[in-house]
Amino acid sequence: MLSLDVGRKRIGLAGCDALGITVTPLPALHRGRFDNDLLVLRDHCQRRSVQGLVVGLPLDSAGQPTAQAEHCQRYGLRLAQTLGLPLAWVNEHSSTWAAGERHGLQGDRTGRLDSAAAALLLEQWLQDGPALKPAQSMAAGTGAEPIDGGS
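Residues numbered from 1 in each chain as written. Predicted model: local features only at pLDDT ≥ 70, side-chain atom pairs only at ≥ 80, totals over all residues. Heavy atoms only, no water.

**Here we look at helix α2 (residues 67-83)**
Thought 1: In a regular helix each residue adds 1.5 Å, so 17 residues correspond to 24 Å; α2 covers 24 Å between its end C-alpha atoms and thus fits that length.
Thought 2: Regarding α2, the residues found buried are A69, H71, C72, Q73, Y75, G76, L77, L79, A80 and L83.
Thought 3: After α2 finishes, the residue G84 shows a positive phi value of roughly 70°. (Helix = DSSP H or I, 4+ residues; strand = E, 2+ residues; numbered from the N terminus. Expected span 1.5 Å × (residues − 1). Buried < 20%, exposed > 50% of the residue type's maximum accessible area, 1.4 Å probe, protein only.)

And the structure:
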């Protein structure tokens, strides 16, 4: 699995072992054009034998999508479709704050905080789900139901 905490400047990344036991933050990706991001992310997926993507959606405190959540959803769908991987959404409300507290990274601008947040998202997904779904089926229903299972 590869977890993504999609931001406008960086994408925090985290992966896990094949059994889903150990989650590891990976170096964050400094965003560029999608095609350039894709080269790096495809390489991660191939080297790590990634079977699916977990993408964080920053919902507000009422669980409603924010403008950034819509951006993350578009990016995640495009990436999953391009890579031919299934994906799942995880509510990342407060994940950056929680990662900063857990790892003492408040205010970090190097990408370590973004990847620590991606690791928390992956831990949450491994614990709670929801199941991965093909990107094509999610693209058909975008907007109305961005998240399964209340994660």
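**Here's the deal with the pattern of salt bridges**
Pairing between side chains of opposite charge can happen when their charged atoms approach one another.
Thought 1: Taken as a whole and judged by the stated rule, the model has 4 salt bridges.
Thought 2: The salt bridge partner of R10 is D114, with a shortest N-O separation of 2.6 Å. Taken as a pair, R10 in strand β2 (residues 10-16) and D114 in helix α4 (residues 112-128) lie far apart in primary sequence, 104 residues in all. Of the two residues, R10 and D114, both sit in the buried class.
Thought 3: Salt-bridge contacts for D35 lead to R33; the nearest nitrogen and oxygen are separated by 3.2 Å. (Salt bridge = Lys/Arg side-chain N within 4 Å of Asp/Glu carboxyl O.)

**Some details on the pairing of β2**
Thought 1: Most of β2 sits inside the fold, with 7 of its 7 residues counted as buried.
Thought 2: On β2, burial covers both faces: R10, G12, A14 and C16 on one face and I11, L13 and G15 on the other are all buried.
Thought 3: Where strand β1 (residues 2-6) and β2 come together, 5 bridges link them in antiparallel fashion. Note on β2: the bridge partner recorded for L4 is L13.
Thought 4: Two elements, β2 and strand β3 (residues 23-30), share 6 bridges in a ladder whose sense is antiparallel. Paired with R10 across the bridge in β3 is H30.
Thought 5: Here β2 folds back onto β3 in antiparallel fashion, the turn holding 6 residues, of which G20 has a positive phi close to 75°. (Pairing = 2+ DSSP bridges.)

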